[in-house]
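# Commentary on secondary and tertiary structure
Residue strings, one per chain:
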2 protein chains.
Amino acid sequence: MPSLQIMGQAAKVAARQLANLSTRQKNRALLAMAAELERNAAAILIANQEDVERGRTDGLSEALLDRLTLNESRLAALIADTRRVVDLPDPVGEEFAARQLPNGLRLSKRRIPIGVLAVIYEARPNVTIDIATLSLKTGNAVILRGGSETRHSNIALVAVIQQALEKQGLPAAAVQAITDPDRALVRELLRLDEYVDMLIPRGGAELHRLCRQESSIPVITGGIGICHIFVDETADQAKALAIIENSKVQRPSVCNALDTLLVHEKIAAEFLPAAAARLAQHQVELRAAAAALEILQKGEYHEWVRPAGPDDFDQEWLALILGVKVVAGLDEAIEHIHRHSTEHSDAILTNDWTNATRFVNEINASAVFVNASTRFNDGGQFGLGAEVAVSTQKLHARGPMGLTELTTYKWVCLGDGHVRP
Amino acid sequence: MPSLQIMGQAAKVAARQLANLSTRQKNRALLAMAAELERNAAAILIANQEDVERGRTDGLSEALLDRLTLNESRLAALIADTRRVVDLPDPVGEEFAARQLPNGLRLSKRRIPIGVLAVIYEARPNVTIDIATLSLKTGNAVILRGGSETRHSNIALVAVIQQALEKQGLPAAAVQAITDPDRALVRELLRLDEYVDMLIPRGGAELHRLCRQESSIPVITGGIGICHIFVDETADQAKALAIIENSKVQRPSVCNALDTLLVHEKIAAEFLPAAAARLAQHQVELRAAAAALEILQKGEYHEWVRPAGPDDFDQEWLALILGVKVVAGLDEAIEHIHRHSTEHSDAILTNDWTNATRFVNEINASAVFVNASTRFNDGGQFGLGAEVAVSTQKLHARGPMGLTELTTYKWVCLGDGHVRP
């Protein structure tokens, strides 16, 4: 593997070339990439098998092994995703906020690629294809750093992608991977601000902290959600149960899954046992604060209930566990959320206009929901067509990031000898 | 002065309150602030006088002393600026990208304040009023760190501003200043990511580098411009001379002033002496690369010409100095700019459609100009009504940042029992 300096330089050169491709040229490259991946499917699956076997020897959990595994149908689905991105509108080149200034200067903003992206992610080879696809569509070069467990898969995938790019007359350095598992390279990558314009860490809280603390490249942090639902006194309880079930159990391992349930004290005695019954069907363990515990321990599903520990309301569970707390009303719910939320996805279930309005005004999660599941905070669900990450930071982008969020803009100012007075 | 931790906490609490003020309440606070500054003008000027005297004793340059000095008319102008911001549209609360999803969910983005800003700046007390005004208008709390030379001025200004806020029932912590000159506090501020959402360094390259390297808070870098003008073969030479003169001499100490002049070889023999004559009227020293040097040394204004040193094309001059180089044509001009530009402001002067188009496409400065002065890259000139900074980074904002760039957004998703299928 070349040094990171060399990779950074090559990426920057590639980015200049990518920035001036037409949408048609980029789409052609995406189709070539899809075809090349198809043609090399056997070799890719063999490389992946090597990773899986090594992972099994190394004692990876079944869940991790599953994430790591490619098979024919999964690979086909990924390739189909790449082809679908061809049909998405290309944000690059869009001219917006165009106007004529009083002095006759014509001014507009033009959307352009960001330049060179770096993405650090876990042991998921699908992310390699996914990010390569979205970067290419938006004319960005990308440096990938996948988990060491996917090393062979990533070497195979990137080789195939580079082959496709070169056959199209495009620079192989448009998509590069750091395949050396040395962890010191991550820290080196974080200081590569001379070449890399944006860093996206995908993975756990620890990686995000490292990037925030150490990176000299602008970082997009996100993907970590301590998500809340507050069930207000006036909520439609049948709908509330369905939303809570959906938010918690549909896919508990993801960032927009529910972590904490707050219930208005006036309905707690009625609602909590019903919620426990519904969630017990899915083996959800409840971690209940005092008042909730008292109600739930008396109920039929008490074996699913445990007292909440001191940190249990600061947990992103990523599992079939749910914090439960009774609150005096909206004020306490908002206060709890302000103290514990990661500002990812928070919801109120209510029929009270004033409370819904206050919740939407006062809660500043990347997505705030009224009477809907937190699971909707997702690029696909929000109709973006693609998702790069879910940002919970304040700058550049918040919530699901689609193709547009992989672009920036420049001002274009056209004159005829204009000077500033 | 309280500890930075305490200041950060207080700012975060204040930010919550500011975020829910109506435009009318914020405007009322701005008017109160203006009135309070007027009422306390004498005390402010006395405090400023103390800074100026100390600065003079410490041997500050006349230019710095001038930047540091407030007087009645300057203070009145600053107060008038604050009142003008009242009339600017408030970006907070704007609902955009609203749509109904196929499943009936109503989705929109709502513009909200960023939260807590931190601004590090030089010895310019005007920035204190300016940033306090723009932060308040956008519902952000702000922690200011001005140059130690303005310590007394800033203590006085912030005390007056806080008094005005408190009289309006608003938290004083909406505007706080780090007035302890200990430089270690800057590094401490850079790690205050628990409370601060965005850091804006205003000042030299060294401060920007420090912030990029050390800050765990997202940083907006910018304000440093190595700016280029390329005079193409077909340029209208009379207009070109006026644009170059304007770009270089109108205000040489600012970031959008011209640093390097590139001239097409076919017109160099005719154009360069004319440019030298025009610039000599303003005492501009020319640092000329070989071919340009040969032409200029033969001319009437040769005493203003020196050979360019090895780093002279990587200088932001901020002074009456200009790098000059003859290039073979557009390709070499673009290459030079790619190698040396800070992507702030670059211009082409040409009558050639293809060359203008290529320049606009291939140069990715925050603002790219055709036949206009680089001095237009400015919030006021671009009609933003206010300017916080000129960003040259790729994320969040590029070029002049106005009020909107001090905001972020949240997604608001309204349902009726919606669950994700």
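Residues numbered from 1 in each chain as written. Chains lettered and ligands numbered in written order. Predicted model: local features only at pLDDT ≥ 70, side-chain atom pairs only at ≥ 80, totals over all residues.

### Some thoughts on the overall build of chain A
What chain A contains, in helices and strands, is 14 helices and 16 strands. The C-alpha atoms of chain A give a radius of gyration of 24 Å, which matches the 22 Å a tight globule of 421 residues would have. Taking the principal axes of its C-alpha atoms as reference, chain A extends roughly 70 × 70 × 35 Å. Evaluated residue by residue, chain A yields a buried proportion of 54% over its 421 residues. (Helix = DSSP H or I, 4+ residues; strand = E, 2+ residues; numbered from the N terminus. Rg over C-alpha atoms; globule rule 2.2 N^0.38 Å. Buried ≥ 20, exposed ≤ 12 C-beta atoms within 10 Å, placed from the backbone.)

### Some thoughts on the nonpolar core
A general tendency of soluble globular proteins is for nonpolar side chains to be buried together. Membership of the largest hydrophobic core comes to 150 residues, with the highest contact counts inside it found for A11(A) and A11(B). In this structure, A11(A) is in contact with V116(A), A141(A), I143(A), A173(A), Q176(A) and Y195(A), ignoring residues within four places of it in sequence. By size, the runner-up hydrophobic cluster in this structure holds 59 residues, among which are V412(A), V231(B), L258(B) and V305(B). (Core = buried A, V, L, I, M, F, W, Y, C linked by C-beta atoms within 7 Å. Contact = placed C-beta atoms within 7 Å.)

### Thoughts on the relation of the copies chain A and chain B
When chain A is fitted onto chain B, the two copies agree to an RMSD of 0.0 Å after a turn of 180 degrees and an axial shift of 0.0 Å. Here the two chains are linked by the operation of a two-fold rotation axis. In terms of C-alpha distance to the rotation axis, chain A has H396(A) as its closest residue, with the C-alpha 1.8 Å off the axis. Taken as a fraction of all interface residues of chain A, those also at the interface in chain B reach 100%, which identifies the copy contact as same-surface. (Least-squares fit on C-alpha atoms with pLDDT ≥ 70 in both.)

### Focus: the interface of chain A and chain B
How big an interface is tends to be reported as the loss of accessible area on association of its parts. Between chain A and chain B, the contact holds 57 residues from the first and 57 residues from the second. Broken down by secondary-structure element, the contributors of at least two residues to the side of chain A that touches chain B are strand 2 (106-113), helix 9 (205-214), helix 10 (237-249), helix 14 (353-362), strand 13 (367-372) and strand 16 (407-418) of chain A. Residue composition of the side of chain A that touches chain B, grouped by class: 25 nonpolar, 20 polar and 12 charged. Note: strand 16 of chain A against strand 13 (residues 367-372) of chain B, five bridges, orientation parallel. The residue of strand 13 of chain B that forms the bridge with L414(A) is V370(B). (Nonpolar A, V, L, I, M, F, W, Y, C, P; charged D, E, K, R; others polar. Pairing = 2+ DSSP bridges.)

### With respect to the confidence of the model for chain A
This prediction gives chain A a mean pLDDT of 96; 100% of its residues lie at or above 70. The ipTM for the predicted assembly is 0.94, set against a pTM of 0.94. (pLDDT = per-residue confidence, 0-100.)

### A word on the environment of M33(A)
Residues and elements named next belong to chain A. Note on placement: M33 falls in helix 2 (residues 23-39). Overall, the presence of 27 C-beta atoms within 10 Å leaves M33 in the buried class. Expressed as a C-alpha distance, the spacing of M33 and A238, which sit 205 residues apart in the sequence, is 48 Å. Leave out the neighbours within four places in its chain, and M33 touches T82, I161 and A164.

### Quick look at the sheet that holds strand 7 (residues 227-231) of chain A
The strands making up a sheet are joined through hydrogen bonds of the backbone, oriented either antiparallel or parallel. One open sheet holds the 10 strands; their spatial order is 10(A)-9(A)-11(A)-8(A)-7(A)-12(A)-13(A)-16(B)-2(B)-1(B), and the pairing between them is mixed. With one partner strand each, in any of the chains shown, strand 10 (305-307) of chain A together with strand 1 (95-100) of chain B form the two edges of the open sheet. Sheet twist, expressed as the average angle between the axes of neighbouring strands with direction ignored, equals 20 degrees. Two strands pair when backbone bridges link them, and strand 1 of chain B and strand 2 (residues 106-113) of chain B are joined in this way by four bridges, in the antiparallel orientation. (Axes fitted to C-alpha atoms, helices over the stretch in contact; angles between N-to-C directions.)

### Considering the sheet that holds strand 6 (residues 198-201) of chain A
All names here are of chain A. Spatially, the four strands line up as an open sheet ordered 5-4-3-6, and their pairing is parallel. Because the sheet does not close on itself, it has two edges, and the strands there are strand 5 (175-177) and strand 6. The sheet shows a mean angle of 20 degrees between the axes of neighbouring strands, taken without regard to direction. Sheet analysis places strand 3 (residues 116-120) next to strand 6, joined by four bridges and oriented parallel.

### Some details on the environment of A98(A)
Within the element layout of this structure, A98(A) appears in strand 1 (residues 95-100). Through-space distance from the C-alpha of A98(A) to that of I44(A) is 47 Å; in sequence the pair is 54 residues apart.

### Topic: the pairing of strand 7 (residues 227-231) of chain B
Residues and elements named next belong to chain B. Most of strand 7 sits out of view: five of its five residues are buried. Of the two faces of strand 7, the one lined by C227, I229 and V231 and the one lined by H228 and F230 are each fully buried. Across five bridges, strand 7 lies against strand 8 (residues 258-264) in parallel orientation. When the sheet's bridge partners are listed, F230 is paired in strand 8 with L262. Where the polypeptide runs from strand 7 across helix 10 (residues 237-249) and back to strand 8, its parallel neighbour, the crossover connection is right-handed. In this sheet, strand 12 (residues 345-349) lies alongside strand 7 in parallel orientation, the contact comprising four bridges. Along strand 12, the bridge assignment pairs H228 with D346. (Right-handed = clockwise from strand over helix to strand, strands pointing away.)

### As for the domain arrangement of chain A
Assigned domains within chain A: domain 1 (4-221 + 396-414) and domain 2 (227-377). Inter-centroid distance (C-alpha atoms) of domain 1 of chain A to domain 2 of chain A is 36 Å. (Domains from an automatic or database assignment.)

### Structural notes on helix 10 of chain B
The terminal C-alpha atoms of helix 10 of chain B, which comprises 13 residues, lie 18 Å apart, in line with the 18 Å expected from a rise of 1.5 Å per residue. Within helix 10 of chain B, burial applies to A240(B), L241(B), I243(B), I244(B), N246(B), S247(B) and K248(B). (Expected span 1.5 Å × (residues − 1).)

### Some thoughts on the pairing of strand 1 of chain A
Of all the six residues making up strand 1 of chain A, zero are buried; the element is thus mostly uncovered. As consecutive antiparallel partners, strand 1 of chain A and strand 2 of chain A are separated by five residues, and within that stretch G104(A) has a phi angle of approximately 95 degrees, a positive value.

### Structural notes on helix 1 (residues 4-19) of chain A
All names here are of chain A. With 16 residues, helix 1 ought to run about 22 Å at 1.5 Å a step, and its terminal C-alpha atoms sit 22 Å apart, in line with that. Listing the buried residues of helix 1 in full gives L4, M7, G8, A10, A11, A14, A15, L18 and A19. One side of helix 1 carries all its buried residues, which in axial view fall inside an arc of 165 degrees. Residues of helix 1 that are exposed and angled more than 90 degrees away from the buried face: Q5 and I6. The secondary structure elements touched by the buried residues of helix 1 are strand 2, strand 3, strand 4 (141-145), strand 5 and helix 8 (184-190). (Arc of directions from axis to C-beta.)

### Concerning unusual backbone geometry
All names here are of chain A. Unusually for a residue other than glycine, Q283 sits at a positive phi of about 60 degrees. Mapping Q283 onto the fold places it in the loop between helix 11 (265-280) and strand 9 (285-288). Taking the number of C-beta atoms within 10 Å as the measure of exposure, Q283 has 9 and is therefore exposed.

### Brief notes about the packing of helix 2 of chain A against helix 5 (residues 72-86) of chain A
All names here are of chain A. Orientation of helix 2 relative to helix 5, taken along the N-to-C sense of each, is 170 degrees, at an axis distance of 9 Å. Judged by the angle between their axes, helix 2 and helix 5 are roughly antiparallel. On helix 5, the residues touching N27, L30, L31, M33, A34, L37 and E38 of helix 2 are I79, T82, R83, V85 and V86. (Parallel < 35°, antiparallel > 145°, perpendicular 65-115°, else oblique.)

### Describing the environment of G383(B)
Position of G383(B) among the secondary structure elements: in the loop between strand 13 and strand 14 (389-391). In the structure, G383(B) is positioned 17 residues away from P400(B) in sequence and 9.9 Å away in space, judged by C-alpha atoms.

### Section: the packing of helix 5 of chain A against helix 6 (residues 125-137) of chain A
All names here are of chain A. Relative orientation of the contacting elements helix 5 and helix 6 amounts to 10 degrees, with a least axis distance of 10 Å. When the axes of helix 5 and helix 6 are compared, the pair comes out roughly parallel. Note on element contacts: helix 6 touches helix 5 through N126, I129, D130, T133, L134 and K137, opposite L78, D81, T82 and V85. Along the lines of polarity and charge, the residues of the contact of helix 5 with helix 6 split into four nonpolar, three polar and three charged.

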